[in-house]
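Tertiary structure, described
Listed below are the residues making up each chain.
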Amino acid sequence: KRVALLISGGGSNMVKLVQSMTGDHPARAVVVGSNDPEAGGLARAAELGVPTFAIDHRIYKGDRAAFEAALLQPLLDARPDILCLAGFMRILTPDFVQRFQGRMLNIHPSLLPKYPGLHTHRRAIEAGDAEAGASVHLVTPELDAGPILGQARVPVLPGDTADSLAARVLQQEHRLYPAVLRRFASGDQTMLSLTAA
Ligand code: GRF
């Protein structure tokens, strides 16, 4: 299976995913793209030997369709079977999603359906939640709302800040996403639940 990955920043999830696709893994990373030419993850992908591209969304101002048309070209050129959004921070239109629906995954730093959207860790702390975590889901046109393929749970500890909780969740993202991708690439869509090691 050919896997394309989209990032917007440091790409720590992308790195773990690319590093997981070796040996008898049924998938290989074929391209890493970003909406930000300065994204640190692009250099990390190149170090791992994965071709990269960047389409600067700022060039397209508010023209989302034009940005997505530009993004689509290098993506389709890579002939991906699976598209992994990994720290990708742009909202995709239904037209774009429909092109990959059923084979496009995203990781979101909350226990969906709780806290779709932004500032998930702050919201969990303010709500007094005892636990938080991350979800890997199939992408549908509705933001952060598709079928969940895996979740990882961590405790919210007394004195946690959004940053301390984010760090704890990120560690579990790095376990969860590769495990879910390997199953998904093998045709297994049963839900995976992880608890903090
Ligand atoms: C992480 O918090 C992840 O949950 C979210 O994007 C953030 C950065 O991820 N999707 P990465 O280090 O760029 O993979």
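Worth saying up front: this structure is predicted, and the values here are computed from it rather than measured. Every chain is numbered on its own, with residues counted from 1 as its sequence reads. The model is predicted, so local features are restricted to residues of pLDDT at least 70 and side-chain atom pairs to those at 80 or more, both for listing and for counting; the totals for chains, interfaces and linings are taken over all residues. Water and hydrogen atoms play no part in the side-chain values, which are based on all heavy atoms of the structure.

A few words on the sheet that holds strand β8 (residues 192-195). Spatially, eight strands are ordered β3-β2-β1-β4-β5-β6-β7-β8 in an open sheet, and the strand pairing comes out mixed. On the outer flanks of this sheet lie β3 (52-54) and β8, each paired with one strand and no other. Averaged over neighbouring strand pairs, the angle between their axes works out to 15° when direction is ignored. Two elements, strand β2 (residues 28-34) and β3, share three bridges in a ladder whose sense is parallel. Within the sheet, the bridge partner assigned to V32 lies in β3 and is T52. Where helix α6 (residues 162-185) meets the sheet, its contacts fall on β1 (2-7), β4 (82-85), β5 (104-108), β6 (131-138), β7 (148-155) and β8, and the angle it forms with β7 comes to roughly 155°. Note on pairing: DSSP must find at least two bridges between two strands before they are called paired. The helix and strand labels rest on DSSP assignments: H or I over at least four residues marks a helix, E over at least two residues marks a strand, and numbering proceeds from the N terminus. In this analysis an axis means a line fitted to C-alpha atoms, helices contributing only their contacting stretch, and an angle means the value between N-to-C directions, from 0 to 180 degrees. Contacts between residues were defined by any pair of non-hydrogen atoms, one from each residue, lying within 4.5 Å.

A separate point is the confidence of the model for the protein. Mean pLDDT over the protein: 97, with 99% of residues reaching 70 or higher. Scored as a whole, the predicted complex attains pTM 0.96, and scored at its interfaces, ipTM 0.91. Note: pLDDT gives the predictor's confidence per residue, expressed from 0 to 100.

Bringing the packing of aromatic side chains into the picture now. We describe a pair of aromatic rings using the distance from one ring centre to the other and the angle between the two ring planes. For Phe, Tyr and Trp, where Trp contributes only its six-membered ring, two rings pair if their centres lie within 6.5 Å, and the inter-plane angle classes them as stacked under 30 degrees, edge-to-face over 60, or tilted in between. The full count for this structure, using the stated rule, is two aromatic pairs. Seen from their ring centres, F96 and F100 are 5.4 Å apart, and the 40° between their planes marks the pair as tilted. Pair noted here: F96 and F100 are both in helix α4 (residues 94-100), with a separation of four residues, about one helical turn. Judged on exposure class, the residue F96 and its partner F100 are both buried. Burial here depends on accessible area, computed with a 1.4 Å probe over protein chains only, as a share of the maximum for the residue type. Under 20% is buried, over 50% is exposed, and the range in between is partly exposed.

For each residue, the test is whether any non-hydrogen atom lies within 4 Å of the molecule or strand; if one does, the residue is near. In the vicinity of the ligand, the contacting residues are G10, G11, S12, N13, G87, I107, P109, L170 and E173. Contacts described as polar in this section are N or O atom pairs within 3.5 Å, which, within protein, must combine one atom able to donate a hydrogen with one able to accept it, while residues neighboring in sequence count only if both atoms come from side chains. E173 is positioned with one of its side-chain polar atoms (N or O) 2.7 Å from an oxygen atom of the ligand. Here the ligand, which alone exposes 360 Å², has 78% of that area covered by the protein. Contributions of two or more residues to the shell around the ligand are made by α1 (12-20) and α6. Basically, the charged four are Asp, Glu, Lys and Arg, the nonpolar ten are Ala, Val, Leu, Ile, Met, Phe, Trp, Tyr, Cys and Pro, and anything else, Gly included, counts as polar. When its residues are assigned to classes, the shell around the ligand shows three nonpolar, five polar and one charged. Throughout, the Shrake-Rupley method with a 1.4 Å probe supplies accessible areas, and for residues the shown protein chains are the sole cover considered.

With that settled, the discussion passes to the pairing of β7. Pairing between β6 and β7: seven bridges, direction antiparallel. Note on β7: the bridge partner recorded for G133 is R153. Note that β7 and β8 share four bridges and pair parallel. By the bridge assignment, R153 is partnered in β8 with T195. Place the viewer so that the strands point away; then a crossover is right-handed whenever the path from the first strand over the helix to the second strand goes clockwise. Viewed along the sheet, the connection from β7 through α6 into β8 turns out left-handed.

Attention shifts here to the environment of G62. Considering the arrangement of structural elements, one finds G62 in the loop between β3 and α3 (64-77). Spatially, the C-alpha atoms of G62 and A145 are 24 Å apart, while their sequence positions differ by 83 residues.

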